[in-house]
Amino acid sequence: MAVKINGKNKRIGLALSGGGFRAAAYHLGAFKKLEELGLLWKLDLLSCVSGGSIAGGFLAANWKKRDALQRLETYLSSRSIAVSSVLGGIFDPFDSRLDKLAASYDRDLFKKAKLQTLKAGPRIYFNATNLATGNMFFFVAGGNGKTELGEHELGVSETSKISISQAVAASSAFPPVFPPFRLGRDLFKSSAVDYNTLTDGGVYDNLGVNPLLRKQRNQLDYALVSDGGAPFKISEEPTESGAIVLKEAIGILMEQVRGLQFQRLRLAHAAGEGPKAVWFSIDSTKGEKRRGDAAFASSIKTNLTRLNPVEMEALTRHGGALLESRLKEYVPELLP
């Protein structure tokens, strides 16, 4: 699916960050801009985390369908799934909150399809965090390649049992709202542990950068990173509460990882070991189409609650505008 530049095929990867429905709508804006530029259906790889897994998974499951983007917008504008999943899991003795979350994804987005049905689309990673090892754990399909799951320490194995909704639920199991996804030996065998538990991919890396840098598996020439997560904000009245310090500490750690991952991309390309990378973060005013878009988009909560028309318009407009701005400045050769 590569693009041609000066007669040579070039491969493009797109990372889709976590950040709930807010991030998914921001990514939708990037999808719309890429489609307008003739690049969307030429993407070779998607690396998805949490809310990015919702957007990326739906795109891959509806690859090249004319109404795919409109249907994703309708979903994000009409569904609120976190509350119903939590309540359903509390009152149902047979299914957990995460089971309810996966069931809602199946009902509204994926219709019980397995990961291997994504074979004809781009290579797609659904990234989670393995609480057994502390590593990024991935489910990967598409690109006419093998359907696999695993991580660098425990190894990788093929699978035909995992549904798209299970992979997306594992990637978006935001703690403590949702319990981790339990991966038993029937789904993934390892001599090191009896079973694995997977939580939200944003705990390890909310950007999903790692697959973009795996040269042996994914040889990319360009990497685009759509960052719709929650950047750490300067506080005029920092907390003095011991209970709130833990929450703030997590935010600081995530901000540090975010900065380090951008630096990894920069240094890998400079050393000839990685693709040429550009990223666009939701709090950036550089390239915003309307004054105030960055501030408003960043203020929208990162949950799984439906977006109103004003929020949807601002998020999609902002995501598309920032992407176009970065392409023009850093990789104009990709533009028509």
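Residues numbered from 1 in each chain as written. Predicted model: local features only at pLDDT ≥ 70, side-chain atom pairs only at ≥ 80, totals over all residues. Heavy atoms only, no water.

Looking only at helix 3 (residues 68-78), the buried set comprises Ala 68, Leu 69, Leu 72, Glu 73, Tyr 75 and Leu 76. Viewed end-on, helix 3 has its buried residues packed into an arc of 160°, placing them on one side of the element. Packing partners of the buried residues in helix 3 comprise helix 1 (20-36), helix 2 (51-61), helix 5 (97-110) and helix 10 (309-330). (Buried < 20%, exposed > 50% of the residue type's maximum accessible area, 1.4 Å probe, protein only. Helix = DSSP H or I, 4+ residues; strand = E, 2+ residues; numbered from the N terminus. Arc of directions from axis to C-beta. Contact = heavy atoms within 4.5 Å.)

Attention now goes to the packing of aromatic side chains. Counted according to the given criterion, the structure contains seven aromatic pairs. For the ring pair Phe 137 and Phe 139, a centre distance of 5.6 Å and an interplane angle of 65° mean the geometry is edge-to-face. For Phe 137, a relative accessible area of 0% corresponds to the buried category. Using a relative accessible area of 0% as the deciding quantity, one classes Phe 139 as buried. (Phe/Tyr/Trp six-rings, centres within 6.5 Å; stacked < 30°, edge-to-face > 60°.)

A few words now on the packing of helix 1 against helix 2. It is the contact of helix 1 with helix 2, at a shortest axis distance of 7 Å, that shows an interaxial angle of 40°. Relative to helix 2, the element helix 1 is oriented oblique. Here helix 1 runs over helix 2; the crossing is right-handed. For the pair helix 1 and helix 2, the contacting residues are Gly 20, Phe 21, Ala 24, His 27 and Phe 31 in the first and Gly 51, Gly 52, Ile 54, Ala 55, Gly 56 and Leu 59 in the second. Grouping the amino acids of the contact of helix 1 with helix 2 by side-chain chemistry returns six nonpolar, five polar and no charged. (Axes fitted to C-alpha atoms, helices over the stretch in contact; angles between N-to-C directions. Parallel < 35°, antiparallel > 145°, perpendicular 65-115°, else oblique. Left-handed = near helix turned anticlockwise from the far one by under 90°. Nonpolar A, V, L, I, M, F, W, Y, C, P; charged D, E, K, R; others polar.)

Another aspect to go through is the confidence of the model for the protein chain. Reading fine detail from the predicted coordinates is not recommended where pLDDT is low. Scored by pLDDT, the protein chain comes out at a mean of 92, with 96% of its residues at no less than 70. Below a pLDDT of 50 lies the segment residues 84-94, which in the model reaches 15 contacts outside its immediate sequence neighbourhood of four places, other chains included. (pLDDT = per-residue confidence, 0-100.)

The next subject is the side chain of Thr 199. You can see Thr 199 is positioned in strand 10 (residues 196-200). Residue class for Thr 199 comes out buried when judged on its relative accessible area of 4%. Within the structure, Thr 199 has its side chain in polar contact with the backbone oxygen of Ala 173 (distance 3.1 Å). Among residues more than four places away in sequence, those in contact with Thr 199 are Ala 128, Thr 129, Leu 131, Ala 170, Ala 173, Pro 175 and Pro 180. (Polar contact = N/O pair within 3.5 Å; in protein donor to acceptor, adjacent residues only side chain to side chain.)

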